[in-house]
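Here are the chains, one letter per residue:
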Amino acid sequence: MQRWQWIAGVLLVGLAWLGCAAAQATTALDVSGYARETPPGATMSAAYLSLRNSGKAPRRLVAVTLPDRDGAAAALHTTVVDDGINRMRPLAQLAIPAGATVAMAPGGVHLMLRGVRLQAGEQLSLRLHFANGSERNIRVPVRGPQGGGHKHG
Ligand SMILES: [Cu+2]
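Residues numbered from 1 in each chain as written. Predicted model: local features only at pLDDT ≥ 70, side-chain atom pairs only at ≥ 80, totals over all residues.

Observations concerning unusual backbone geometry
Phi angles above zero are rare outside glycine, and D83 is one such case at about 55°. Structurally, D83 is set in the loop between strand 4 (73-82) and strand 5 (85-90). Assessed through the 5 C-beta atoms surrounding it within 10 Å, D83 is described here as exposed. (Helix = DSSP H or I, 4+ residues; strand = E, 2+ residues; numbered from the N terminus. Buried ≥ 20, exposed ≤ 12 C-beta atoms within 10 Å, placed from the backbone.)

Here we look at the environment of V62
As for its position among the elements, V62 is in strand 3 (residues 59-65). Owing to 16 C-beta atoms within 10 Å, V62 belongs among the partly exposed residues under this scheme. Sequence-wise, V62 and A75 are 13 residues apart; in three dimensions their C-alpha atoms are separated by 9.4 Å. In this structure, V62 is in contact with Q93, H129, F130 and A131, ignoring residues within four places of it in sequence. (Contact = placed C-beta atoms within 7 Å.)

As for the pairing of strand 2 (residues 44-53)
Regular strands place their side chains on alternate faces of the sheet. In terms of residue burial, strand 2 counts as a mostly covered element, since 7 of its 10 residues are buried. Examined bridge by bridge, strand 2 and strand 8 (residues 110-114) share 4 bridges and lie antiparallel to one another. In the strand pairing of strand 8, M44 is matched with R114. Pairing of strand 2 with strand 7 (residues 101-103), which is carried by 3 bridges, proceeds in the antiparallel orientation. Within strand 7, the residue paired with S50 across the bridge is A103. (Pairing = 2+ DSSP bridges.)

Some words on the pairing of strand 5
Buried residues are scarce in strand 5, accounting for 0 of its 6 residues. Examined bridge by bridge, strand 4 and strand 5 share 6 bridges and lie antiparallel to one another. When the bridges of strand 5 are listed, T78 appears paired with R89. Once strand 4 ends, the chain turns through 2 residues before running back antiparallel as strand 5, passing D83 with a positive phi of about 55°.

Considerations on the nonpolar core
Counting residues in hydrophobic clusters, the biggest one holds 21 residues, and the most contacted among them are A47, L49, V64, A74, L111, L113 and L126. Secondary-structure elements contributing two or more residues to this core are strand 2, strand 3, strand 4, strand 6 (94-96), strand 8 and strand 9 (123-130). Apart from residues no more than four positions distant in its own chain, L111 is found in contact with A46, A47, L49, V64, A74, L76 and M104. (Core = buried A, V, L, I, M, F, W, Y, C linked by C-beta atoms within 7 Å.)

Structure representation (structure tokens):
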């Protein structure tokens, strides 16, 4: 084998390995979840995501946008109990430690959705923005009301 062929081979293997590492870095976070149907006449709802970080670095979710819904906004909220009353508070960021799964849930951390009309059976596109500058586009199903009442927060 010519020397240049050997070098080219090493470079190719190196590039392939880097490619794999990059692909793993982008798939180290698994995201799933759902959004709640809006009650008739309402334009506010909530979505709940589960984020599993199988990477070695902590991740921080800092914002969520709705790329294909004009005028809609999403905000990270948490729920605190104040004098026995559940109150929602804006959350600046949601940390997902390495190796951990963080699950939003009714009565806890949730994504507040404003300016949307959602029907069960639809899909909702969300764009997740992370502190490291990366973004992730996901689609979550819209589910009908649970037990007849919309009681989020
Ligand atoms: Cu809220």
